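As a plain string of letters, each chain reads:
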There are 2 protein chains.
Amino acid sequence: MAMLRAAKHAMRALGSRASDASPFARTLHASTGSKKIVGVFYKANEYASMNPKFVGCVEGSLGIRDWLESQGHQYIVTDDKEGPNCELEKHIPDMHVLITTPFHPAYVTEERIKKAKNLQLLLTAGIGSDHIDLKAAAAAGLTVAEVTGSNTVSVAEDELMRILILVRNFLPGYHQVINGDWNVAAISYRAYDLEGKTVGTVGAGRIGKLLLQRLKPFNCNLLYHDRLKMEPELEQEIGAKFEEDLDKMLPKCDVIVINTPLTEKTRGLFNKERIGKLKKGVLIVNNARGAIMDTQAVADACSSGHIAGYSGDVWNPQPAPKDHPWRYMPNHAMTPHISGTTIDGQLRYAAGTKDMLDRYFKGQDFPAQNYIVKEGKLASQYQ
Amino acid sequence: MAMLRAAKHAMRALGSRASDASPFARTLHASTGSKKIVGVFYKANEYASMNPKFVGCVEGSLGIRDWLESQGHQYIVTDDKEGPNCELEKHIPDMHVLITTPFHPAYVTEERIKKAKNLQLLLTAGIGSDHIDLKAAAAAGLTVAEVTGSNTVSVAEDELMRILILVRNFLPGYHQVINGDWNVAAISYRAYDLEGKTVGTVGAGRIGKLLLQRLKPFNCNLLYHDRLKMEPELEQEIGAKFEEDLDKMLPKCDVIVINTPLTEKTRGLFNKERIGKLKKGVLIVNNARGAIMDTQAVADACSSGHIAGYSGDVWNPQPAPKDHPWRYMPNHAMTPHISGTTIDGQLRYAAGTKDMLDRYFKGQDFPAQNYIVKEGKLASQYQ
């Protein structure tokens, strides 16, 4: 693939488009010899030894170290990913494969891609590759792939939890308990049932569909906005109504859930103006990406009460700095980026990453749905 | 009914059983003239005016004051329910009807029943009448009724929220956010998907069934223990397996949910011995009644880690004192008693209470499922 990359550069120099590279497709992953593979994960320290299935951390290293090293590959794992002197930077010039995650994202900028002369493959252990400059990766002839589907259930479950936490006003009650108080009225004056409320999802891809299926027995009014209308049978099974026009759907919603990737089109989608048109008292759940929101507009609307509750596990940037306004705004139910990295999710994305590495060593294609950048083209959801 | 009560006392003196009273059934609620009705609810103070639908508090008074007073009845409402000098005690000797709730329970003891010479009817605005000495009420010829079904959906939704909060280890992440931290590993080493886990409900009455229906799309292994096996069609629709022997079911469960009323049989059901036989790391959700648990045994098992998470909104007693051990035990997700008193639930149990009062004034029977004590007999779930 390094050869492919070189060939592509040459072709580009000759005026060819990167997407003309399809003749090379059969040999895309034909790659022999010892490889240098770098993984960037979150560090677990004292938690590493507390669960033998905890493979998603630096110490767990996806459980593939022995397998890689027994085949003669080098495997560097770190959590140190920021700044010019970080551990990651040391390995950029000669690494062949970089494994990252959305939970502790190593930001792969155009500048880093330029430095990474041997780089062939960027694997996301999980779902969501927006921490990578995908256009730069495509232009450089790199392959980017995710473990599509590996943690969709994990995220959908977490979204339903967050909807309920907001609708039912859980956290004020919890705070009373730990503070020695008891004041039912201070909770119940704005605690509701989910039943009968209008819930809309912005995006109904894999995660959005799983959420809608789990919402169905709650007897809500379910809406979805997506590029594509579902097949009629699936739509009926799920019981959700298609809304072609996002801005017509949003003001109908008591609860809005974000299930769209971060792209040029969705960055800052929920700005001050759009939030101002939402129902007063709307609840928002966002496990997709923090940058889909205008950070300050969300904080302001939570302060004014226009947004009555906001919950999610995604921030911009990550880790969120200590002074991030979402840490301090009223009526939030935020966590660090966690929904896709349950133990069950980790085991699935570790297995999927191993599978793709194995195929890469053997020169085989990946499962088609895993590709985010292939032969200079971005997957449709990122276009 | 005061006459009935007198007649019953006379019959008992003659050696008749209270349940021999059926000949009087037609006239059970024939009751004319001005009545004194007392309601005991939680006080809302500054929260009372924040939501026009907030009828479940002292200030809201179930929204029936004008209706009652326009018919010449007296309606006293208070939250002051404890001790010999409380407001409730002043009205016990001459009240005809007492309306209580499980959220701020007025404990109706045998002693209070003896003092309440005019008392005819005890209405629970909500579900769960264990704060009333039901045997004493039956012996005194009183009628006890609930608004059956009024907040079953509210409680079932809340249970599913609590299951997810525990399984997915939500609260440590939330604490990190508000404390300025970011440590994904400290959450994820014991965060799981609900999918594939074994969830068992102790009791599959109205609430238990609603919970199981909502759990179905999560692809769990669902078990239930109840006095009665469901009809095969319902069992198949819900997708849960009947477990006749409670102590055979419990050790199989990753998550246990309590959905049984508090009775002589269920009081202290989860004692040290039974908890010791549960799977290590079990999660328990209890929105039923606090006294079904041995308080200290639960706190000890949370401290040892045998119970990995405990969430519920019921305590013994209520309000929970400041030094209640469940406020301080690790890995809890407790709230004050709130799940059944959402705004939606309040509107339903207020309407159901008004309906029963109307029937009482007109001498009509209540909906059959609402009776907890009728003609000296306890409803089957309390026997």
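Note that the structure is predicted; figures quoted are calculated from it, not measured. The residue count restarts for each chain, going from 1 along the sequence in the order it is written. All chains are assigned letters beginning at A, and all ligands numbers beginning at 1, according to the order in which they are written. Where local features are concerned, this predicted model is filtered to residues with pLDDT of at least 70; where side-chain atom pairs are given and counted, the filter is 80 or more; whole-chain, interface and lining totals use all residues. The side-chain quantities take in all heavy atoms of the structure and omit both hydrogens and water.

A. Examining the overall build of chain A more closely. For chain A, the count of helices and strands is 14 helices and 13 strands. We compute the radius of gyration over the C-alpha atoms and compare it with the globule rule, which gives 2.2 Å times the number of residues raised to the power 0.38. The C-alpha atoms of chain A give 22 Å as radius of gyration, which agrees with the globular expectation for 383 residues (21 Å, within 12%). For chain A, the C-alpha atoms occupy an extent of roughly 65 × 50 × 35 Å along the three principal directions. Considering chain A as a whole, with its 383 residues, one finds that 62% of them fall into the buried category. We call two residues in contact when some of their heavy atoms are within 4.5 Å. Across chain A, every contact between residues at least 6 apart in sequence was considered, and the portion connecting residues at least 24 apart equals 66%. Comment: elements are numbered from the N terminus, with helices defined as DSSP H or I runs of at least four residues and strands as E runs of at least two. Only protein chains enter the calculation, and the probe is 1.4 Å; a residue is then buried if its accessible area is under 20% of its type maximum, exposed if over 50%, and partly exposed in between.

B. Spotlight on the relation of the copies chain B and chain A. Superposing copies: least-squares fit, C-alpha atoms only, residues required to have pLDDT of at least 70 in both. With an axial shift of 0.0 Å and an RMSD of 0.0 Å, the rotation relating chain B to chain A amounts to 180°. A rotation of that kind, with that shift, is consistent with a two-fold axis. Within chain B, the C-alpha atom positioned nearest to the axis of rotation is that of Met161 of chain B, 2.7 Å from it. Comparing interface residues between copies, 100% of those in chain B also lie at the interface in chain A; the contact surface is shared.

C. Spotlight on the packing of aromatic side chains. Residue and element names in this part refer to chain A. Put simply, two rings from Phe, Tyr or Trp (the six-membered ring, in Trp's case) pair if the centres are within 6.5 Å, and we call them stacked under 30 degrees between planes, edge-to-face over 60, tilted for the rest. According to the stated counting rule, one finds 22 aromatic pairs over all chains in the structure shown. Judged by centre distance (6.1 Å) and plane angle (15°), the rings of Phe170 and Tyr174 are stacked. With a gap of four residues between them, Phe170 and Tyr174 both fall in helix α7 (residues 170-178), about one helical turn apart. The class for Phe170 is buried, based on a relative accessible area of 3%.

D. Inspection of helix α6 (residues 152-167) of chain A at higher detail. All names here are of chain A. Expected span, for any helix, means 1.5 Å times one less than how many residues it has. Look at α6: 23 Å from first C-alpha to last across 16 residues, which is about the 22 Å you get at 1.5 Å a residue. In terms of burial, α6 is a largely internal element, 16 of the 16 residues being buried. Remark: Asn169 follows α6 within two positions and exhibits a positive phi of approximately 60°.

E. Here's a closer look at the interface of chain B and chain A. Residue-level contacts link 68 residues of chain B with 68 residues of chain A. For any pair of parts, buried area is found by adding up, for both, the accessible area (1.4 Å probe) each one loses once the two are put together. Across the chain B/chain A interface, buried area totals approximately 6100 Å², and carbon plus sulfur atoms make up 65% of it. Of all residues in chain B, the largest losses of buried area upon contact with chain A belong to Arg168, Trp182 and Tyr189 of chain B, amounting jointly to 13% of the total for that side. Note on definitions: salt bridges are taken to be side-chain nitrogens of Lys or Arg within 4 Å of carboxyl oxygens of Asp or Glu. Our count for the chain B to chain A interface comes out at 10 salt bridges. For Arg168 of chain B, the salt bridge goes to Asp158 of chain A, with nearest N and O atoms at 3.2 Å. Whenever a nitrogen or oxygen atom comes within 3.5 Å of another N or O atom, the pair is scored as a polar contact, on the condition that within protein one atom can donate a hydrogen and the other can accept it, and that pairs from neighbouring residues in sequence are kept only if both atoms are in side chains. The tally of links from chain B across to chain A stands at 42 residue pairs in polar contact (both at pLDDT 80 or more). Mapped by element, the contributors of at least two residues to the side of chain B that touches chain A are α6 (152-167), α7 (170-178), α8 (184-188), α9 (206-215) and α14 (343-361) of chain B.

F. Expanded view of the sheet that holds strand β9 (residues 255-258) of chain B. Residue and element names in this part refer to chain B. In space, the six strands of this open sheet follow the order β8-β7-β6-β9-β10-β11, with parallel pairing throughout. The strands lining the two open edges of the sheet, one partner per strand, are β8 (240-242) and β11 (307-312). Averaged over all adjacent pairs, the angle separating strand axes in this sheet is 20°, with direction ignored. A pair of strands is treated as paired once DSSP finds two or more bridges between them. Direction of pairing for strand β6 (residues 198-202) relative to β9: parallel, over a ladder of four bridges. Looking across to β9, one finds that Val202 is bridged to Ile258. Strands in contact with α6 are β6, β9, β10 (282-286) and β11; relative to β10, the strand with the most contacts, it is inclined by about 155°. Convention adopted: a line fitted to C-alpha atoms gives each axis, helices being fitted over their contacting stretch, and angles between N-to-C directions are expressed from 0 to 180 degrees.

G. Representation of the pattern of salt bridges. All names here are of chain B. In total, this model carries 45 salt bridges over all chains according to the counting rule given. Across the pair Glu243 and Lys252 runs a salt bridge, and its minimum N-O distance is 2.9 Å. Its relative accessible area of 6% is what places Glu243 among the buried residues. With a relative accessible area of 39%, Lys252 lands in the partly exposed category. One salt bridge connects Arg274 with Asp247, and the closest N-O pair in it is separated by 2.8 Å. Taken as a pair, Arg274 in helix α12 (residues 272-276) and Asp247 in helix α11 (residues 246-249) lie far apart in primary sequence, 27 residues in all.

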